[in-house]
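# Breakdown of the fold
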Amino acid sequence: MYAIVEIAGQQFKVAKDQKVYVHRLQDEEGSKVTFDNVLLLEDGKDITIGAPAIDGAAVEAKVVKHLKGDKVIVFKKKRRKGYKKKNGHRQYLTEIVIESIVASGATKAAKKEAPKKEAKPAAAAPKKEAAQTEDLSKYTVAELKEMAKAKGIEGISSMKKSDLIDALSK
């Protein structure tokens, strides 16, 4: 069984008990990490492809250690011009070990949100308009265009996201 999963902005083909080096993760050494953006699952003969990700699938891993990768030398030169630049760096990496691949029944990790402050009743009216604008900013441009089309707003094809939000909030 293997899976193609997105970890730290990159896609990896992983299997159980495999050691993977990924870009530095914020988690502590020894902690367990769950990646729920699984793009493909292969279990024997069954192949499941997500659109874009598979709902309920997850890859569980353990952070082994944080380290720096090999040195990479960057050398730039323009011939016959006397221009030479030598530079280098070492990438920060995290070594993880894949512990299990869950095909279904995984729950997405809840995002950490700061507690919201309660609004005063006297200032409730202006806050509702701002809240509606904030809610519209979560939609994609295509969804906003569909909403504008349903309301009968014209000229939506040339509008940017901020213009669509302004038109819908009026």
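Look up a bit, the structure's there.
Rules used throughout
- Residues numbered from 1 in each chain as written.
- Predicted model: local features only at pLDDT ≥ 70, side-chain atom pairs only at ≥ 80, totals over all residues.
- Heavy atoms only, no water.
- Helix = DSSP H or I, 4+ residues; strand = E, 2+ residues; numbered from the N terminus.
- Buried < 20%, exposed > 50% of the residue type's maximum accessible area, 1.4 Å probe, protein only.
- Contact = heavy atoms within 4.5 Å.
- Areas by Shrake-Rupley, 256 points an atom, 1.4 Å probe, with all protein chains shown as cover.
- Phe/Tyr/Trp six-rings, centres within 6.5 Å; stacked < 30°, edge-to-face > 60°.
- Lys NZ or Arg CZ within 6 Å of the ring centre and 35° of its normal.
- Pairing = 2+ DSSP bridges.
- Axes fitted to C-alpha atoms, helices over the stretch in contact; angles between N-to-C directions.
- Salt bridge = Lys/Arg side-chain N within 4 Å of Asp/Glu carboxyl O.
- Left-handed = near helix turned anticlockwise from the far one by under 90°.
- Nonpolar A, V, L, I, M, F, W, Y, C, P; charged D, E, K, R; others polar.

Below, the discussion takes up the overall build of the protein chain. A count of helices and strands for the protein chain gives 3 helices and 8 strands. Counted from the first residue to the last, the protein chain has its helices and strands arranged as β-β-β-β-β-β-β-β-α-α-α. When the 170 residues of the protein chain are sorted by exposure, 21% land in the buried category. Across the protein chain, the fraction of contacts at a sequence separation of at least 24, relative to all contacts at a separation of at least 6, is 59%. Here the protein chain has roughly 13000 Å² of accessible surface; of this, 50% comes from carbon and sulfur atoms.

A complete count under the given rule lists 0 aromatic pairs for this structure. The aromatic ring of Tyr2 is capped on one face by Lys13, whose charged end is 4.4 Å from the ring centroid. Over the ring of Tyr83 we find Lys78; its NZ or CZ atom is 5.5 Å from the centre of that ring.

Strands sit in the order 3-8-7-4 across an open sheet of 4 strands; the sheet is antiparallel. Across the chains shown, the open sheet's two edge strands, defined by having one partner strand only, are strand 3 (19-23) and strand 4 (32-35). Neighbour to neighbour, the strand axes of the sheet diverge by 50 degrees on average, direction disregarded. Inspection of the sheet shows strand 3 paired to strand 8 (residues 83-102) by 5 bridges, in the antiparallel sense. Looking across to strand 8, one finds that His23 is bridged to Leu93.

If charged atoms from side chains of opposite charge come close, those side chains can pair. With the rule as written, the count across this model stands at 4 salt bridges. The residue Glu99 makes a salt bridge to Lys32 at a minimum N-O spacing of 2.9 Å. With a gap of 67 residues between them, Glu99 in strand 8 and Lys32 in strand 4 connect regions that are remote in the sequence. A relative accessible area of 26% places Glu99 in the partly exposed class.

Before going further, it helps to spend a moment on the packing of helix 2 (residues 141-151) against helix 3 (residues 161-169). In contact at an axis separation of 10 Å, helix 2 and helix 3 are set at 35 degrees when each is read in the N-to-C sense. Relative to helix 3, the crossing made by helix 2 is left-handed. In contact with Val141, Leu144, Lys145, Met147, Ala148 and Lys151 of helix 2, helix 3 contributes Lys161, Leu164, Ile165 and Leu168. Of the residues contributing to the contact of helix 2 with helix 3, the split by class is 7 nonpolar, no polar and 3 charged.

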